[in-house]
Amino acid sequence: MPEGITAEMLLNNIMETINDNVQKKKPGLFFEEEKSNSITSQIKRLFGREKPVHHVLGGGKSADVMLWRNKKISASFITGATAIWVLFEWLNYHFLTLLCFTLVLGMIAQFVWSNASGVFGRSSSEVPRIVLPDELFVNLGASVGAQFNKALSFLQDVACGGNLKQFLVVVVSLWAAAVVGSWCNFLTVMYIGFIAAHTLPVLYERYEDQVDGFVYQVLGHLQNNYRKLDSGFLSKIPKGKLKGKKHE
């Protein structure tokens, strides 16, 4: 690695960027909405986004839930996920135990319902039954399989594409995910991801101008440091002749 660029220098540049951006903001007004539409139109959107956040998330009912269009439904999803996480993580319930208890309670309710008419001398009523449609499991399996194949295809394309920058980004991302996974179990990781998916989009939609401006300022410094690193070290690494093999 060249003498002028070290990991400590890269970290210091990032911290200086964050400090400069925070100091430019007045106390208590960091997330205040911009009053001028001309300034808002000049701010770049993350990932080159031109459409609203609601449209990027799919524009359907799932987007409505993630963006809290209906606060009661969104709050119920958060409450349900939190209840499941507390049951399995804090109270140490096992899935099989919880499933059996649920089935027992359901059978008791149906038993009481079916025999209550004879005990209280009322006319008998049909006990409701729960039947899950076969299409539900077929669609669920097809959706999960398609997402797994898509992820595997992406990883293999990155590994065989010859793009060193993209390859390093993916490897570092997987390494970071592995480190996070060593701190907590899979259920906790899924819970954190679920909570983040139902809180970060709505916060970003509300403060997108400030977030986009700040992120692009940090990315600009990172790109400048990467160019220096690439010109001094990465460009000297010999690249494989993957494209030639494909044509052959």
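Residues numbered from 1 in each chain as written. Predicted model: local features only at pLDDT ≥ 70, side-chain atom pairs only at ≥ 80, totals over all residues. Heavy atoms only, no water.

We now examine the overall build of the chain. When you go through the chain residue by residue, the secondary structure sums to 12 helices and zero strands. For the chain, the sequential pattern of α-helices and β-strands runs α-α-α-α-α-α-α-α-α-α-α-α. Burial statistics for the chain: of 248 residues in total, 14% are counted as buried. Taking all contacts inside the chain whose residues are at least 6 apart in sequence as the whole, residues at least 24 apart take part in 63%. Surface summary for the chain: the accessible area is close to 19700 Å², and the carbon and sulfur share equals 65%. (Helix = DSSP H or I, 4+ residues; strand = E, 2+ residues; numbered from the N terminus. Buried < 20%, exposed > 50% of the residue type's maximum accessible area, 1.4 Å probe, protein only. Contact = heavy atoms within 4.5 Å. Areas by Shrake-Rupley, 256 points an atom, 1.4 Å probe, with all protein chains shown as cover.)

Now for helix α7 (residues 134-160). The end-to-end C-alpha distance of α7, which contains 27 residues, comes to 39 Å, matching closely the 39 Å that a straight helix rising 1.5 Å per residue would cover. The positive-phi residue at the C-terminal boundary of α7 is Gly 162, with phi of around 80°. (Expected span 1.5 Å × (residues − 1).)

Now for the packing of aromatic side chains. Across all of its chains, the model carries two aromatic pairs by this definition. Pairing Trp 85 with Trp 90 gives two aromatic rings, centres 5.6 Å apart and planes at 55°, and the pair type is tilted. Given the relative accessible area of 16%, Trp 85 is considered buried. When the ring of Trp 85 is compared with that of Tyr 191, the centres are 4.9 Å apart and the planes differ by 10°; the resulting orientation is stacked. Here Trp 85, found in helix α5 (residues 71-90), pairs with Tyr 191, found in helix α9 (residues 186-197); they are 106 residues apart in sequence, far enough to count as distant. You'll find Trp 85 and Tyr 191 in the same group, each marked buried. Following the ring pairs from residue to residue traces out a cluster consisting of Trp 85, Trp 90 and Tyr 191. (Phe/Tyr/Trp six-rings, centres within 6.5 Å; stacked < 30°, edge-to-face > 60°.)

Turning our attention to a nonpolar patch on the surface. On the surface, Val 104, Leu 105, Ile 108, Phe 111 and Val 112 cluster together into a nonpolar patch covering about 500 Å² of accessible area. With respect to the helices, strands and loops of the structure, Phe 111 is situated in helix α6 (residues 95-119). Residue classification places Phe 111 among the exposed residues on the basis of a relative accessible area of 56%. (Patch = residues over 30% accessible without salt bridge, like charges linked within 9 Å, V, L, I, M, F, W, Y side chains within 5 Å. Salt bridge = Lys/Arg side-chain N within 4 Å of Asp/Glu carboxyl O.)

Now for the packing of α7 against helix α8 (residues 164-183). Between α7 and α8, whose axes approach to 8 Å, the crossing angle comes to 130°. Comparing the axis directions of α7 and α8 gives the class oblique. In terms of crossing hand, the pair formed by α7 and α8 is left-handed. Touching Phe 154, Leu 155, Val 158 and Ala 159 of α7 are Gln 166, Phe 167, Val 170 and Leu 174, all from α8. (Axes fitted to C-alpha atoms, helices over the stretch in contact; angles between N-to-C directions. Parallel < 35°, antiparallel > 145°, perpendicular 65-115°, else oblique. Left-handed = near helix turned anticlockwise from the far one by under 90°.)

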